[in-house]
Amino acid sequence: MGVETAIEGGVARIFLDRAEKANALDSAHLGGLRTALQAVAASPGARVLVLGGRGRAFCGGADVNELKSLNASTAGQFVERIHEVCAAIRRLPIPVVAGLHGAVIGAGLEIAAACDLRIAADGTKFAMPEVRLGIPSVVEAALLPRLIGSGRAAWLVLTGEAIDARRAFEWGLVEEIGGEETLARVIGNLLKGEREALKTQKALLQLWEEAPLAHSVRQSIEDFAKLHR
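Reading the values: rules and limits
- Residues numbered from 1 in each chain as written.
- Predicted model: local features only at pLDDT ≥ 70, side-chain atom pairs only at ≥ 80, totals over all residues.
- Heavy atoms only, no water.
- Helix = DSSP H or I, 4+ residues; strand = E, 2+ residues; numbered from the N terminus.
- Rg over C-alpha atoms; globule rule 2.2 N^0.38 Å.
- Buried < 20%, exposed > 50% of the residue type's maximum accessible area, 1.4 Å probe, protein only.
- Contact = heavy atoms within 4.5 Å.
- Lys, Arg positive; Asp, Glu negative; His and termini not counted.
- Charge placed at Lys NZ, Arg CZ, Asp CG, Glu CD.
- Expected span 1.5 Å × (residues − 1).
- Pairing = 2+ DSSP bridges.
- Phe/Tyr/Trp six-rings, centres within 6.5 Å; stacked < 30°, edge-to-face > 60°.
- Lys NZ or Arg CZ within 6 Å of the ring centre and 35° of its normal.
- Axes fitted to C-alpha atoms, helices over the stretch in contact; angles between N-to-C directions.
- Salt bridge = Lys/Arg side-chain N within 4 Å of Asp/Glu carboxyl O.
- Parallel < 35°, antiparallel > 145°, perpendicular 65-115°, else oblique.
- Left-handed = near helix turned anticlockwise from the far one by under 90°.
- Nonpolar A, V, L, I, M, F, W, Y, C, P; charged D, E, K, R; others polar.
- Right-handed = clockwise from strand over helix to strand, strands pointing away.

Colleague: Any details on the overall build of the protein? Residues and values, ideally.
Modeller: A count of helices and strands for the protein gives 10 helices and nine strands. Relative to the compact-globule value of 17 Å for 229 residues, the protein shows a C-alpha radius of gyration of 17 Å, a close match. By its C-alpha atoms, the protein is 55 × 40 × 40 Å across when sized along the principal axes. For the protein, with 229 residues in total, the buried portion stands at 43%. Within the protein, counting contacts between residues at least 6 apart in sequence, those at least 24 apart form 68% of the total. In the protein, which carries 26 positive and 27 negative side-chain charges, the distance between the mean positions of the two groups comes to 2 Å.

If you want it as structure tokens, here you go:
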């Protein structure tokens, strides 16, 4: 379904592989991506996941033809499928690195935001243009204020204007600007981490996004103690 998966040396790789459509996501491809994520989650040999895209773009967003066909009874189901993919990424017990290039638009940016780390090639463009199509940005667009602050998130989703990799880095939307060499360095650093410790740390990071400080600290103490049993 336009998704390519491979696991080697502890590194799982999933590529959106619909290059002729700039890896635009329709229901079938979202289903294929979710299945691929489930396969990685079930693989005991996978310690890091790299999510990328074939062709000229990481992801051009939701498939325009499917968007045009949506109605009141199907629109919610479609964005729920996007959410299910993002939720599957966040539930994975291993770090997920998004290797971004070309265009990262709409649903593609929501998927990237759901990853733990983002590395963008120089020249990558980021945009949330949904309001220009008469719809709001939804589901994991809610992660954007946590990543870049409410004002910058508002700028992206209200203006629909694209930003480049340099501004994305300055805003904190991506952690590094670079290509395969940078990606390899980050993967190497992640592979040095102990699997259970990384799993716990990822869960804590997500807890810290939403829970009150006191609860976050208490859970951190409990998890620290568990890893010493």
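Colleague: Describe in detail helix α3 (residues 75–91), supporting the description with residues and values.
Modeller: With 17 residues, α3 extends 24 Å from end C-alpha to end C-alpha; this agrees with the ideal 24 Å at 1.5 Å per step. Buried residues of α3: F78, I82, V85, C86, A87, A88, I89 and R90, and no others. In this fold, the buried residues of α3 make contact with α1 (27–41), β3 (48–53), α2 (64–69), β4 (96–100), α4 (107–114) and α9 (195–210).

Colleague: Break down the sheet that holds strand β9 (residues 176–177) for me, with residues and values.
Modeller: Here six strands make up an open sheet; going across it, the order is β1-β2-β3-β4-β6-β9 and the pairing mixed. Looking along the sheet, the strands with just one partner apiece sit at the ends: β1 (3–8) and β9.

Colleague: Provide a residue-level description of the packing of aromatic side chains, including the pertinent values.
Modeller: Per the counting criterion, the structure on display carries one aromatic pair. Here W155 and W171 contribute two aromatic rings whose centre-to-centre distance is 5.8 Å and whose plane-to-plane angle is 85°, an arrangement assigned as edge-to-face. One end of the pair, W155, is in helix α6 (residues 150–159); the other, W171, is in helix α7 (residues 165–171), with 16 residues separating them in the sequence. W155 gets classed as partly exposed once you look at its relative accessible area, which sits at 26%. Over the aromatic face of F15 sits the side chain of R54, whose NZ or CZ is 3.7 Å from the ring centroid.

Colleague: An account of the sheet that holds strand β5 (residues 103–105) is needed here, citing residue identities and associated values.
Modeller: One open sheet accounts for three strands, arranged β5-β7-β8; its pairing is mixed. Each edge of the open sheet is held by one strand with a lone partner, namely β5 and β8 (163–164). As judged from the three bridges shared by β5 and strand β7 (residues 125–127), these two strands associate in the parallel manner. Note on β7: the bridge partner recorded for A103 is K125. Strands in contact with α4 are β5 and β7; relative to β5, the strand with the most contacts, it is inclined by about 90°.

Colleague: Run through the pattern of salt bridges, naming residues and quoting values.
Modeller: Counting across every chain of the model gives eight salt bridges. Linking D63 and R18 is a salt bridge whose minimum nitrogen-to-oxygen distance equals 3.0 Å. With D63 in the loop between β3 and α2 and R18 in the loop between β2 (11–16) and α1, this residue pair connects regions lying 45 residues apart in the sequence. Across the pair, R18 and D63 agree in class, each one buried. For R90, the salt bridge is made with E209, and the minimal N-O distance between the two is 2.9 Å. Here R90 is found in helix α3, whereas its partner E209 is found in helix α9, with 119 residues between them in sequence. If you follow the salt bridges from partner to partner, you end up with R18, D26 and D63 in one network.

Colleague: Give me the lowdown on the packing of α3 against α4, citing residues and values where you can.
Modeller: One can describe the packing of α3 onto α4 by two numbers: an axis separation of 8 Å at closest approach and a directional angle of 20°. Judged by the inter-axis angle, α3 sits roughly parallel to α4. With respect to the hand of their crossing, α3 and α4 are arranged in right-handed fashion. Packed against α3, whose contacting residues are I82, V85, C86, I89 and R90, the element α4 presents A107, E110, I111 and A114 at the interface. Of the residues assigned to the contact of α3 with α4, the class counts are seven nonpolar, no polar and two charged.

Colleague: Describe the pairing of β3, and please don't skip the residues or the numbers.
Modeller: For β3, the tally of buried residues reaches six of six residues, placing the bulk of the element in the interior. Alternating positions in β3 separate into two faces, V48, V50 and G52 on one and L49, L51 and G53 on the other, with burial throughout. Bridge count between β2 and β3: six bridges; the pairing is parallel. The residue of β3 that forms the bridge with F15 is G52. Tracing the backbone out of β2, into α1 and back to the parallel element β3 gives a crossover that is right-handed. Examined bridge by bridge, β3 and β4 share three bridges and lie parallel to one another. The residue bridging V50 from the neighbouring strand is V97, located in β4.

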